[in-house]
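# Structural characterization, general
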Amino acid sequence: MWLHKLRKRKGQVCVIFLMLLTSTLLMAGSLGIFTSLIKPYEEFVEETDAPSVRAFLYEEGQEENVEMFTRLEEVARVIPLKRYMVEEKVTYQEKTVNETIALVEYQEEAFANIRMIQGENTRPNEEECLMPYALANSLGMKVGEQLFIQVGETRKQYTICGFYTAPYSCNILYQSEILVASLPEGVTQTVSYSIYGKDSYSGQDIVDAYVAANNGIMDGRFDTIEDVVSNITLNEKILGGILLALSVIAFLVCVVMIRFLIKNALYHDRKTIAVYKTIGYQQRDILHMYMKFYMSIALVGTFVGAVASPILSSSFIKPAFRNIGLEKTSISWWPRLIVMIGVLILIAIQVLLGVHKWKKVKPVIVLNDRESTLGVKKVKNPKWKGSMDFSPMHMARRLIQRNKKSTIYVIITCFLSIYMVNFAIVAYTNVSSMPENNYYWLGFDEHDVSLITMNHAKFQENCETIAQLPEVDRLVLNKFDFHASMKWQKGMANPNIECMVYDTYEGITMPMVEGRNPKAENEIVVGNLLAKELHKQIGDYIDLYFGTDKKVSLLIVGTFQSFMNMGRCVRLLGDTILGAGVDFHYTDASVYLKDSCTPQEFVDAYEADYKDSIKIQKRTDKYDEMLDEICDPQLAAIGPFIAIVLVIGCLNIICIIYLQNITNRRKYAIYKSIGYSVSHLIRMNIWYVGIIAVASVIVAVPIFVFAYPKIMTLSMSMFGFAKYPVFFQPGIMFFGNLALMVLFLISALLTSKSLRGSQLKELAQE
């Protein structure tokens, strides 16, 4: 019998199938994003034999540092690596490479297990290099091509002999380590330490043990393997969380609609159920029949959605795996099974509740059409002040008043669809504007042109010359990659902090949360996240260490927010560092132009003059790699999300209007019998949906405008953001909402097929 119902109710089957397919696709796909990120990186770390910690110490003394690490109980072995942080010009195919690059001397012991994408894992020749795959992907490099690095007066040439990837080198937001046979002569060498822990200890255990043994001072930067992997996949996790939350909301709306469908189907089958009871069927037999019918649809829909969900998951996580050489990723079945089981249980509950309502109903009551005893209340006509004709608009108003349940379902569908579509539209416009407003998100000053040194010896002199140019209004020296640390305490997060250092903050515009920028060398502005972690506020003092023995105590005069160093950063004056006896030099500068000159005109005019000593770029291009890593996955995800929301919303509208047409078939038959045309009734449905859609827009958009900044501020609080600027585009929002309403009206029009049939014969028989 349930197979007969499958053939008879094709429309209902298709609607429920599509609802469950899209809901399962969304939920299983978003859950798959979380679960699929873990195993490949665990295997990657194990395959490459990655060190538990990579340490960059401020103090020199390689033998002493190695000895101090090896004394720790948690450490198995330590490998020192010679490196050179490239501070001068790097070119590839006559284009300047903007990424932070370090040349690292190849050691068999440290790099024996790196994953090779192209080429062989052997020590490069003197004129060759192994390139990290993340950097190669970013620049479109090929094996055999040339890379040029300026070293003093010499232009060093390397031939790319292969691409490799390793956990500490698979993200261009951090240092891109190019492996060479030996470092060039005459460069300033530093040493990093690859620290391998014993099996039972994590990277953080080693860091904690080192700091405790070093009198609570972290005299360098320590990158643990856990933090590196977490930071690489952070963007995908945030997107997956947002998608999961929205998909659960969409699924709950679908559950409400499916319950509505089941209740209407049972009411439509009331006489058939009465006949079943009359000829001896038990309640469990009827329940079993309907359970088979609906669960077969649910099983197929959820299965197809679960099978298709890796397409959605892979589209999100592909960027996270690309740089480790994984083109295809396997999505685990267990999150999909969890979603399938959860969906099937909820649908089974809806069927059980629906059939249970008919348990105590006697067949004679149903067969005699005494429907009032079934809980179907008589419709009370509203008391209108004035008369209404039978125009399509007024008939739609009567539907809204009398069919309260259907109206509530349409309102919920329209409201949620409008809210989610507006969410996606505004998110897209805001994410797209991040490069233009990079100063706000990264926390530096709103200047016009950025200068980055490629020749330290001449940087100060060149800046003085540029400051005298007729187009320049002002030039401010700064440095964004100066590192300091705080005294470590047990339970504290990483005490390393990144410093934004300016020679002055007077007269420049910078985003603030509270307070002001430093004016004296004993003042500091701290990141909002850092202030919360340390329970500090304006007026408190904070101790910073520049190395192991240079301590300063600074007065907090303000707080700000930034993505830099995951929100753990501060602003200082250059005099603060120089006053502590630290050898310090500025490496960047902010140029403020006069109104008569645009940033692009200035770059075009002077870029060639300083091509070997200073990189000149527009402020909007500064840190573009970092913002691309943040923005690109979000922009890629918004389009599919809007499409799925529209599909679910339109399906719900189609379902509601279709059921309403069936429920009111007698009334509509009477309308047609007294002369009203089918097109008149179709216009009534269109007015019905249109009135609710317009009202939903009027209500939903103001609620969205109020709630969106608060939701985004909450989601960005992990970076310490206390303010989230929202750039609403009224024109784009207007056309987006207009398009959504048109889709809803088209959905109502598509369901009008049921109105074209003649119900007069059925009415006469009844």
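Residues numbered from 1 in each chain as written. Predicted model: local features only at pLDDT ≥ 70, side-chain atom pairs only at ≥ 80, totals over all residues. Heavy atoms only, no water.

## Details of the overall build of the chain
From N to C terminus, the chain includes 26 helices and 22 strands. Principal-axis analysis of the C-alpha atoms places the extent of the chain at approximately 100 × 60 × 50 Å. Considering the chain as a whole, with its 766 residues, one finds that 53% of them fall into the buried category. Expressed as a percentage of contacts within the chain between residues at least 6 apart in sequence, the contacts between residues at least 24 apart total 82%. Carbon and sulfur atoms form 57% of the exposed surface of the chain, whose accessible area is close to 35000 Å². Computed over 76 positive and 77 negative side-chain charges, the separation of the two mean positions in the chain equals 27 Å. (Helix = DSSP H or I, 4+ residues; strand = E, 2+ residues; numbered from the N terminus. Buried < 20%, exposed > 50% of the residue type's maximum accessible area, 1.4 Å probe, protein only. Contact = heavy atoms within 4.5 Å. Areas by Shrake-Rupley, 256 points an atom, 1.4 Å probe, with all protein chains shown as cover. Lys, Arg positive; Asp, Glu negative; His and termini not counted. Charge placed at Lys NZ, Arg CZ, Asp CG, Glu CD.)

## Some details on the nonpolar core
Within the largest apolar cluster, 135 residues are counted, with the highest numbers of intra-cluster contacts made by Y290, Y502, F563 and Y708. In terms of residue count, helix 21 (residues 624-663) provides more of this core than any other element does, 16 residues in total. Excluding residues that lie within four positions of it along the chain, F563 makes contacts with M434, W441, L442, I630, M716, F719 and F721. With 42 residues, the next largest nonpolar core counts I466, L477, L593 and Y606 among its residues. (Core = buried A, V, L, I, M, F, W, Y, C linked by side-chain atoms within 4.5 Å.)

## Brief notes about the domain arrangement of the chain
Domain parsing of the chain yields domain 1 (1-51 + 234-373), domain 2 (80-201), domain 3 (387-440 + 623-766) and domain 4 (445-621). In this assembly, 25 residues from domain 1 lie in contact with 26 residues from domain 3. Between domain 1 and domain 3, a total of about 2600 Å² is buried, with carbon and sulfur atoms accounting for 79% of that surface. Put simply, domain 1 and domain 3 have 0 salt bridges between them. The interface formed by domain 1 and domain 3 contains 0 residue pairs in polar contact (both at pLDDT 80 or more). (Domains from an automatic or database assignment. Buried area = accessible area lost by both parts, 1.4 Å probe. Salt bridge = Lys/Arg side-chain N within 4 Å of Asp/Glu carboxyl O. Polar contact = N/O pair within 3.5 Å; in protein donor to acceptor, adjacent residues only side chain to side chain.)

## A look at the packing of aromatic side chains
Enumeration over the complete set of coordinates arrives at 28 aromatic pairs. Here the aromatic rings of F69 and Y193 are separated by 5.8 Å at their centres, their planes lie at 50°, and the arrangement is tilted. Of this pair, F69 sits in helix 4 (residues 62-70) while Y193 sits in strand 11 (residues 190-197), placing them 124 residues apart in sequence. Here the aromatic cluster, defined as three or more aromatic residues joined through ring pairs, consists of F415, Y419, F423, Y440, W441, F563, F704, Y708, F721, Y724 and F728. Here the guanidinium or amino end of R336 rests over the ring plane of W333, the centre of that ring lying 4.0 Å away. We note R571 situated over the ring of F560; from NZ or CZ to the ring centre the distance is 4.0 Å. (Phe/Tyr/Trp six-rings, centres within 6.5 Å; stacked < 30°, edge-to-face > 60°. Lys NZ or Arg CZ within 6 Å of the ring centre and 35° of its normal.)

## Examining helix 8 (residues 225-232)
For helix 8, the full list of buried residues reads I225, V228, V229 and I232. Buried residues in helix 8, looked at end-on, bunch into an arc of 90°, giving them a common side. (Arc of directions from axis to C-beta.)

## Remarks on the environment of S747
When you line up the elements, S747 lands in helix 24 (residues 730-750). Linking S747 and Y439, residues 308 residues apart in sequence, is a C-alpha distance of 45 Å. Residues within four places of S747 in sequence aside, it is in contact with C650, I653 and I654.

## Re the pairing of strand 9 (residues 154-165)
Regular strands show a simple pattern: their side chains alternate between the two faces of the sheet. Note: strand 6 (residues 115-118) against strand 9, 3 bridges, orientation antiparallel. Residue pairing for strand 9: M116 is matched across the bridge by Y164. Relative to strand 9, strand 7 (residues 128-132) is paired through 5 bridges, and the arrangement is parallel. Bridge pairing in strand 9 places C129 opposite I160. In this structure, strand 8 (residues 146-151) lies alongside strand 9, joined through 6 bridges in antiparallel fashion. Residue pairing for strand 9: F148 is matched across the bridge by Q157. The antiparallel pairing of strand 8 with strand 9 creates a hairpin that spans 2 residues between the two strands, and G152 there sits at a positive phi of about 65°. (Pairing = 2+ DSSP bridges.)

## Description of the packing of helix 23 (residues 678-715) against helix 24
For the pair helix 23 and helix 24, interaxial distance at closest approach is 9 Å and the crossing angle is 150°. Between helix 23 and helix 24, the angle is such that the two are roughly antiparallel. The handedness of the crossing between helix 23 and helix 24 is right-handed. Packed against helix 23, whose contacting residues are I682, N685, I686, V689, G690, A693, V694, V697, V701 and F704, the element helix 24 presents M733, N737, M741, F744, L745, A748 and L749 at the interface. (Axes fitted to C-alpha atoms, helices over the stretch in contact; angles between N-to-C directions. Parallel < 35°, antiparallel > 145°, perpendicular 65-115°, else oblique. Left-handed = near helix turned anticlockwise from the far one by under 90°.)

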